[in-house]
Amino acid sequence: MKSILDQIQLKYQTLSNTEKKIADYVMQNNTTLLNIHIKELAQQIDVSVATITRFCRKVGASGFVEFKILLRDAVEKRDEPHDAIETVDSIYQTIIKSTNSLTNIQDYKTACSWVLDSEQIHIYGLGSSGLSAQELKTRIARMGLFVDTHIDSHAMIINASILTERDVVIAISSSGQTKEIIEAINLAKQKGARVISITNYSETDLANSSDLILYTASIQHYLDKGFLNSQLSILISLDILSMMLLQNERIYNKHNETLRALHAYKKA
C-alpha cells in the first residue's frame, strides 16, 4: 500500500514550484512535522496556509489534519544514525520499503508476458540509467532472448525508427523527464512497439507515453547526505523482473545453458 510519502514522490513532477518547496521540506523533515500546526509550518517554509492545504489535497489527503495522520502512519521512529554505515543502512532500508510499496506485482507479470512474447527487446537509458540498461541486457541475454541496449540519443532514435509491433522497449529514467528517451519511445510507439518504463514519478511525459509503468522509489531527497547509488531502486526493479522471468521453465533452462557454457569456458 502506498504511503503519503510515496504519493508525494509520484505526484512530485506535477507540483508547482511552491508546492515542490513544501514537498522537499516534508520529505527531509517528516519526523518533526507530526505535531506541528499548519500556520507554524507555513512560516517555516515561507508559504501560505492555502498553498499547504492545496498541496495536501494534491497528494491525496483531504486536508492538513488528515495529511499529518497519514504522515504519522508512514514515518517509523528510528534512532539517529551515528556513523556512515548506519546512515547508508537506514537510507537503503527506507528506499527498499518505499519501492516495495510502489510495486504492483500484476504490472510485473504483464511486463514479463510482453518480454516473453516479443521478437526483440530493446532497452533505453542515458547516464546512470544507461548502466542499469546494460545490466538488464546482460541478464536477459543470458536467458536466451534477443536483446539490445541503446545508451545515446542517436542510437535510440535509429533503433526506434525500425521497430515493429512485435518488439518491446524498456525505458529507464528515474526522473521521467529525459527528453531523448521520451522522443525515442514516442517514435517506437508510432511503429507499434510496446513501451515499458521504469521510473520514479507518475504523470510525467515518460509515464504518459508508456504502455506500462514499473514505479520505483526516488533517492533525490537523500542526495544531500553524500554520494549514493542513484540506481538502487531501479536495480531492485530489475531484480524483481529478472526473478519473475526465471519462473518461466523455458527461460530457466536457457539461463542454465548459458551458466554451463560460462563454467566450461572458465575451465578451458
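Our structure's up above, just so we're on the same page.
Residues numbered from 1 in each chain as written. Predicted model: local features only at pLDDT ≥ 70, side-chain atom pairs only at ≥ 80, totals over all residues. Heavy atoms only, no water.

A. Examining the overall build of the chain more closely. Each helix and strand counted, the chain has 13 helices and five strands in total. Here the C-alpha coordinates of the chain stretch approximately 65 × 45 × 30 Å along the principal axes. Counting only residues that meet the buried cut, the chain has 46% of its 268 residues in that class. In the chain, of all internal contacts separated by at least 6 residues, the share reaching a separation of at least 24 is 70%. Total accessible area on the chain stands at roughly 14,000 Å², and carbon and sulfur atoms take up 51% of it. (Helix = DSSP H or I, 4+ residues; strand = E, 2+ residues; numbered from the N terminus. Buried < 20%, exposed > 50% of the residue type's maximum accessible area, 1.4 Å probe, protein only. Contact = heavy atoms within 4.5 Å. Areas by Shrake-Rupley, 256 points an atom, 1.4 Å probe, with all protein chains shown as cover.)

B. Highlighting the side chain of Ser98. By secondary structure assignment, the location of Ser98 is in helix 6 (residues 84-102). A polar contact of 2.5 Å, which involves the side chain of Ser98, links it to the side chain of Asp6. Sequence-distant contacts of Ser98, defined by excluding residues within four places in its chain, comprise Asp6, Gln9 and Ala217. (Polar contact = N/O pair within 3.5 Å; in protein donor to acceptor, adjacent residues only side chain to side chain.)

C. Summary view of the nonpolar core. Counting 34 residues, the largest nonpolar core has Ile121, Ile123, Ile170 and Ile196 as its most contacted members. In this structure, Ile4, Val26, Ala42 and Ala61 belong to the second largest nonpolar core, which totals 28 residues. (Core = buried A, V, L, I, M, F, W, Y, C linked by side-chain atoms within 4.5 Å.)

D. Broad picture of helix 8 (residues 128-141). In this model helix 8 runs 20 Å from its N-terminal to its C-terminal C-alpha over 14 residues, within 8% of the 20 Å that 1.5 Å per residue would give. Along helix 8, the positions that sit buried rather than exposed are Ser129, Gly130, Ser132, Ala133, Leu136 and Ile140. In a view along the axis of helix 8, the buried residues occupy a sector of 155 degrees, so they form one face of it. Looking at the buried positions of helix 8, the neighbouring elements they touch are strand 1 (120-124), strand 2 (147-150), strand 3 (167-172) and helix 12 (232-245). (Expected span 1.5 Å × (residues − 1). Arc of directions from axis to C-beta.)

E. Looking closely at the sheet that holds strand 3. Spatial ordering of the open sheet is given by 2-1-3-4-5, a layout of five strands whose pairing is parallel. Looking along the sheet, the strands with just one partner apiece sit at the ends: strand 2 and strand 5 (212-215). Geometrically, the sheet is characterised by an average inter-axis angle of 20 degrees between neighbouring strands, direction not taken into account. Pairing between strand 1 and strand 2: four bridges, direction parallel. Residue pairing in the sheet places Ile121 in a bridge with Val147 of strand 2. Lying on the sheet, helix 9 (residues 153-161) is in contact with strand 1 and strand 2; it crosses strand 1 at an angle near 155 degrees. (Pairing = 2+ DSSP bridges. Axes fitted to C-alpha atoms, helices over the stretch in contact; angles between N-to-C directions.)

F. Up close: the pairing of strand 1. Here strand 1 lies mainly inside the structure; four of its five residues are buried. As paired elements, strand 1 and strand 3 share five bridges and run parallel to each other. Along strand 3, the bridge assignment pairs Ile121 with Val168. Each parallel crossover has a hand, and the one from strand 1 via helix 8 to strand 2 is right-handed. (Right-handed = clockwise from strand over helix to strand, strands pointing away.)

G. Representation of the side chain of Ser242 within the structure. By secondary structure assignment, the location of Ser242 is in helix 12. For Ser242, the residues in contact, after removing those within four places along its chain, are Leu136, Arg139 and Met143.

H. Inspection of the environment of Asn208 at higher detail. With respect to the helices, strands and loops of the structure, Asn208 is situated in helix 11 (residues 205-209). The exposed category is assigned to Asn208, whose relative accessible area is 56%. Spatially, the C-alpha atoms of Asn208 and His122 are 19 Å apart, while their sequence positions differ by 86 residues.

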